[in-house]
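# Residue-level structure breakdown
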Amino acid sequence: MTVSTRGRGLYEFTDDVEAWIGRNKFRDGLLTLHLQHTSASLLIQENADPDVRRDLEAFFGRLVPDGDPLFVHTLEGDDDMPAHVRTALTAVNLGIPVQGGRLTLGIWQGIYVWEHRARSHARRITLHFIGE
Amino acid sequence: MTVSTRGRGLYEFTDDVEAWIGRNKFRDGLLTLHLQHTSASLLIQENADPDVRRDLEAFFGRLVPDGDPLFVHTLEGDDDMPAHVRTALTAVNLGIPVQGGRLTLGIWQGIYVWEHRARSHARRITLHFIGE
Amino acid sequence: MTVSTRGRGLYEFTDDVEAWIGRNKFRDGLLTLHLQHTSASLLIQENADPDVRRDLEAFFGRLVPDGDPLFVHTLEGDDDMPAHVRTALTAVNLGIPVQGGRLTLGIWQGIYVWEHRARSHARRITLHFIGE
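Residues numbered from 1 in each chain as written. Chains lettered and ligands numbered in written order. Predicted model: local features only at pLDDT ≥ 70, side-chain atom pairs only at ≥ 80, totals over all residues. Heavy atoms only, no water.

### Concerning the interface of chain B and chain A
The partner chain A presents 32 residues to the 26 residues of chain B that form the contact. At the boundary of chain B with chain A, total buried surface from both sides reaches about 2400 Å², with 63% on carbon and sulfur atoms. On the chain B side of the contact with chain A, Thr38(B), Leu70(B) and Ala88(B) bury the most area, a combined 21% of that side's loss. Run the count over chain B and chain A and you get 1 salt bridge. Among the salt bridges present, the one from Asp68(B) reaches Arg62(A), with a minimum N-O distance of 2.5 Å. Summed over the shared surface of chain B and chain A, the result is 13 residue pairs in polar contact (both at pLDDT 80 or more). (Contact = heavy atoms within 4.5 Å. Buried area = accessible area lost by both parts, 1.4 Å probe. Salt bridge = Lys/Arg side-chain N within 4 Å of Asp/Glu carboxyl O. Polar contact = N/O pair within 3.5 Å; in protein donor to acceptor, adjacent residues only side chain to side chain.)

### As for the sheet that holds strand 2 (residues 9–12) of chain A
Residue and element names in this part refer to chain A. The sheet built from 3 strands is open, its strands ordered 2-7-4 with antiparallel pairing. The sheet terminates laterally at strand 2 and strand 4 (40–46), the two strands that pair on one side only. Averaged over neighbouring strand pairs, the angle between their axes works out to 40° when direction is ignored. When strand 4 meets strand 7 (residues 109–115), the two strands line up antiparallel, connected through 7 bridges. The residue of strand 7 that forms the bridge with Ile44 is Ile111. (Pairing = 2+ DSSP bridges. Helix = DSSP H or I, 4+ residues; strand = E, 2+ residues; numbered from the N terminus. Axes fitted to C-alpha atoms, helices over the stretch in contact; angles between N-to-C directions.)

### Thoughts on the side chain of Gln45(B)
Structurally, the position occupied by Gln45(B) is in strand 4 (residues 40–46). At 2.9 Å, the side chain of Gln45(B) forms a polar contact with the backbone oxygen of His84(C). Leave out the neighbours within four places in its chain, and Gln45(B) touches Val52(B), Leu56(B), Trp108(B), Gln109(B), Gly110(B), Tyr112(B), Thr38(C), His84(C), Thr87(C) and Ala88(C).

### Let's talk about the relation of the copies chain A and chain C
Overlaying chain A on chain C yields an RMSD of 0.0 Å, the required transformation being a rotation through 120° with an accompanying axial translation of 0.0 Å. With respect to symmetry, the two chain copies, as superposed, fit the operation of a three-fold axis. When C-alpha distances to the rotation axis are compared across chain A, the minimum falls at Leu89(A), with a value of 3.3 Å. (Least-squares fit on C-alpha atoms with pLDDT ≥ 70 in both.)

### Structural notes on the relation of the copies chain B and chain A
Placing chain B over chain A gives an RMSD of 0.0 Å and needs a rotation angle of 120°, together with 0.0 Å of translation along the axis. In this assembly the copies use different faces: only 15% of the residues contributing to the interface of chain B also contribute to that of chain A.

### Re helix 1 (residues 14–23) of chain B
Residue and element names in this part refer to chain B. Turning to helix 1, its buried residues are Thr14, Val17, Trp20 and Ile21. Down the axis of helix 1, the sector holding all buried residues measures 125°, keeping them to one side. Turned more than 90 degrees off the buried face of helix 1, the exposed positions are Asp15 and Arg23. (Buried < 20%, exposed > 50% of the residue type's maximum accessible area, 1.4 Å probe, protein only. Arc of directions from axis to C-beta.)

### Observations regarding the interface of chain A and chain C
Chain A puts 26 residues into the contact, and the matching count from chain C is 32 residues. Here chain A packs against chain C, burying approximately 2400 Å² in sum over the two surfaces, 64% of which is carbon and sulfur. Here chain A and chain C share 1 salt bridge between them. Inspection of the region where chain A meets chain C yields 14 residue pairs in polar contact (both at pLDDT 80 or more). Contributing elements (two or more residues each) for the side of chain A that touches chain C: strand 3 (29–35), helix 3 (80–89) and strand 8 (120–131) of chain A. Here the side of chain A that touches chain C takes 6 residues from helix 3 of chain A, the largest share from any one element.

Pasting the structure below:
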């Protein structure tokens, strides 16, 4: 599965995941998602108020500032090392139980790719299901 | 499974998880825990000295201060957006191998719900086991 | 599996994991890694430029300083409570799909033990595979 991003921010793809489960007629088991990158994350977060995503982005932008003189790895741009740090502070894999053909997400939970680079990217995600 | 919380802090429920494994006579496989919320986390941490939990709480309270003027999402209270940030900085799912009917936790590891909101909550957790 | 560490930093063991998969002739399924400690982490990060690891270490060293007067739990040394915080900010378990006998890691991804204590340690990791 690929999620296209257009700069920093949270990109929800819960519907794509549920469609994949439906297409494969999976009922009960465990879904694992793995993002194949080191400058973006997978995140489960609130999908109601968009301000939550804006504030998450603002907080991480302040916590891990671009162009921090602490960083030596700067060849790929001011936003590259911050992207690696933000990935380390979050996660690149998620395991979510599936029951009756549905993800057991909470009512406000959505699945996001969190893009940490300033430019657009196509982010590849491996999906794995075990069960029936 | 539900874990009741009474404000911020770490609530251990390792015994409840082990009792669930025992009741179901699970022997060898993989246990996945998923917390269905966006303002609390699942954490594996030291279960010996209570000061470790106190210090974790103190550090996160300073790192993500309540009422930070950076935040726009403030309608649900000063502690709400910090709770979302703290959840993003930690995790809502865990995968733990089970061997011979026991979690393969280290000797000092316990499983906790980390409540990030100031008020009491009932936190729902989905448990999934695959194996035999 | 055990990974020996010699003070703070990232220790790659991707090859050991792939060798374990090969030895067991696993083809398709889910690999779960669980680190049995509360002062070190498992991390998937870039395995190209060593400066990335240096910068990750520098950032976390500044974010969670040794000897922070905020901390009460200091009996085991100035670097102990920071190690617990750094573990909470990262993860102790990973789930990675396996396809055709290979981890579905991205081209730049490596699997690391991140040692958060100043001294050498032998870090124990449980590996679990389900599939065929």
